[in-house]
Amino acid sequence: MGPEQPERRGLFRRWGGAEQPPAGQGTAVHVDDAPEAAEPAGDDISEDNIVEDNISVEVSEDEPSVTPDPPVEAPAEEPLAGPKARTTSSFAPNSTGDDGPEHPLRDIPRPAGGFSPLRAAGPDAPPEAAMTLPRVLAIANQKGGVGKTTTAVNLGAGLAELGYRVLVIDLDPQGNATTGLGISHRNVQGSIYDVIMNDTPVEDCVEPTSVRNLFVVPATIDLAGAEIELVPAFSRELKLRRALGEVRNDYDFTLIDCPPSLGLLTVNGLAASDDIIVPIQCEYYALEGLGQLLRNVSLVRSNLNPTLDVRGIVLTMYDARTRLAEQVEHEVRTHFGSKVYRTVVPRTVRISEAPSFGQPITVFDSSSRGAVAYRELAKEVSRGTSRRAG
């Protein structure tokens, strides 16, 4: 037996693909991997039954008779350390509730059958999930660094390439969507801060981009103080919703790039939206806050926006070289079903380079894997919805 492997939170190991039984109930040993003198742990050799690799050896005074036992699926509680021990499957749920890592999606409701309780997304969605225009979509996830701004910018560019008229609202005080579309903070006449705090009309703050049919309402550093300034404001959660009502019909899609928090700016974005698209980075931490985000969506739906729902979940920063990315994708798709878009956005250097040139990836490197992925995502999001006349 080799040295004991370090545990990975939320994951369990298997030996040769078989889950390991709890201590005290025998040890499943694969003959190909075990040394010749391997003995079952915790049992004496003189016991009536010795279990080794699903073969029951009955000890008697005469010759022992060997009969195969049916395979028994044992719960995975304690990992078996060994030279070939490896992680082969998904996150292990905490079935007892007493100790051990909890499944990151355990608290999110899911009906029997493994289908999402939310509306289905993707090309195979039922007709009732068809999108009507105009549409306001919030790109939201309270965890930072999961690809919200990248998705807002490049999804907007992909929709614009399809011929839709798209407006990107930069609601993040960092202003990354603004610079990612080639707009300088110093050269704008108005920003989303003026829209929310000074009741400036949205059309006075719209800036054109280098992409045809794609426009942006920029963010400046002034937006950083809006969270505090909104506290005493009247009807503070609905300011953006009322402002967008004046220009809603001027655009087919309005994408709101929400900040990585659950403060008043994010609440304004959710209250103003018809649907939410949730980017999820293919790592463990990205799953932990998903339940809290969906609970906040329920609160906004109950108190501010009765029609709000999650339109879809997009997997971002997928690194095919890692087993963890594959496991996260499996867990999310198993839990949410067709709610997860088929398109997976890969982790590529070209996507990271594009903002430094002030261009979406579809313009910066039109033939790259990232550009292809976001074009496909745009098709899934729009689902072939016909563009409006005029």
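The rules behind these values
Residues numbered from 1 in each chain as written. Predicted model: local features only at pLDDT ≥ 70, side-chain atom pairs only at ≥ 80, totals over all residues. Heavy atoms only, no water. Helix = DSSP H or I, 4+ residues; strand = E, 2+ residues; numbered from the N terminus. Buried < 20%, exposed > 50% of the residue type's maximum accessible area, 1.4 Å probe, protein only. Contact = heavy atoms within 4.5 Å. Areas by Shrake-Rupley, 256 points an atom, 1.4 Å probe, with all protein chains shown as cover. Expected span 1.5 Å × (residues − 1). Pairing = 2+ DSSP bridges. Axes fitted to C-alpha atoms, helices over the stretch in contact; angles between N-to-C directions. Core = buried A, V, L, I, M, F, W, Y, C linked by side-chain atoms within 4.5 Å. Salt bridge = Lys/Arg side-chain N within 4 Å of Asp/Glu carboxyl O. pLDDT = per-residue confidence, 0-100. Parallel < 35°, antiparallel > 145°, perpendicular 65-115°, else oblique. Patch = residues over 30% accessible without salt bridge, like charges linked within 9 Å, V, L, I, M, F, W, Y side chains within 5 Å. Lys, Arg positive; Asp, Glu negative; His and termini not counted. Charge placed at Lys NZ, Arg CZ, Asp CG, Glu CD. Polar contact = N/O pair within 3.5 Å; in protein donor to acceptor, adjacent residues only side chain to side chain.

A. Spotlight on the overall build of the protein chain. Looking only at helices and strands, one finds twelve helices and 13 strands in the protein chain. Burial status across the protein chain gives 48% buried among its 390 residues. Sequence separation of 24 or more characterises 76% of the internal contacts of the protein chain that already satisfy a separation of 6 or more. Carbon and sulfur atoms provide 49% of the accessible area of the protein chain, an area that totals close to 19400 Å².

B. Highlighting helix H12 (residues 369-382). Here H12 spans 20 Å end to end across 14 residues, near enough to the 20 Å set by a 1.5 Å rise per residue. For H12, the full list of buried residues reads Gly370, Ala371, Ala373, Tyr374, Leu377, Ala378, Glu380, Val381 and Ser382. Note on H12: the residue one or two positions beyond its end, Arg383, has a positive phi of about 55°.

C. How the structure looks around the sheet that holds strand E11 (residues 275-281). Spatially, eight strands are ordered E8-E9-E7-E10-E6-E11-E12-E13 in an open sheet, and the strand pairing comes out mixed. Each of the sheet's edge strands pairs with one partner strand only, and the pair in question is strand E8 (207-208) and strand E13 (340-346). When strand E6 (residues 135-139) meets E11, the two strands line up parallel, connected through three bridges. By the bridge assignment, Ala138 is partnered in E11 with Ile276. On top of the sheet, helix H1 (residues 148-161) reaches E6, strand E7 (166-170), strand E9 (214-217), strand E10 (253-257), E11 and strand E12 (309-318); it is set at about 165° to E10, its chief contact.

D. Geometry of the nonpolar core. Ranked by internal contacts, the top residues of the largest apolar core, which has 53 residues, are Ile192, Val202, Leu244 and Ile256. Leaving out residues up to four positions away in the same chain, Val202 has contacts with Leu167, Val195, Val217, Ala243, Leu244 and Val247. With 35 residues, the next largest nonpolar core counts Met131, Leu137, Ile139 and Val381 among its residues.

E. A look at the pattern of salt bridges. Counted according to the given criterion, the structure contains twelve salt bridges. Of the charged contacts in the structure, one is a salt bridge between Arg236 and Glu237, with a shortest N-O distance of 3.3 Å. With a relative accessible area of 22%, Glu237 lands in the partly exposed category. Each of Arg135, Asp275 and Arg311 takes part in salt bridges that share partners, so that together they form one network.

F. Structural view of the confidence of the model for the protein chain. When pLDDT is averaged along the protein chain, the result is 76, and 65% of the positions lie at 70 or above. Within the model, the stretch residues 5-61 combines pLDDT values under 50 with 108 contacts to residues more than four positions away or in other chains. Under a pLDDT of 50 for its full length, residues 111-128 has, in the predicted model, 41 contacts with residues more than four places off or in other chains.

G. Structural detail: the environment of Arg212. When you line up the elements, Arg212 lands in the loop between E8 and E9. Given the relative accessible area of 72%, Arg212 is considered exposed. With 46 residues separating them in the primary sequence, Arg212 and Val166 have C-alpha atoms 9.4 Å apart.

H. Representation of the packing of H1 against H12 in the model. Between H1 and H12, the least distance of the axes is 8 Å, while the angle of their chain directions is 75°. Here H1 is positioned roughly perpendicular relative to H12, judged by the angle of their axes. Between H1, through Thr150, Thr151, Asn154, Leu155, Gly158, Leu159 and Glu161, and H12, the contact on the second element is made entirely by Tyr374, Arg375, Leu377, Ala378, Val381 and Ser382.

I. Summary view of a negative patch on the surface. A surface patch of like charges, here negative, comprises Glu203, Asp204, Glu246 and Asp250. Note that Glu203 resides in the loop between helix H3 (192-197) and E8.

J. Here's a closer look at the side chain of Glu380. By the element assignment, Glu380 lies in helix H12. One buried charged side chain, Glu380, makes no salt bridge at all; its nearest oppositely charged neighbour is Arg342, positioned 5.7 Å away. Reaching out from Glu380, the side chain makes a polar contact with the side chain of Thr343 at a distance of 2.6 Å.

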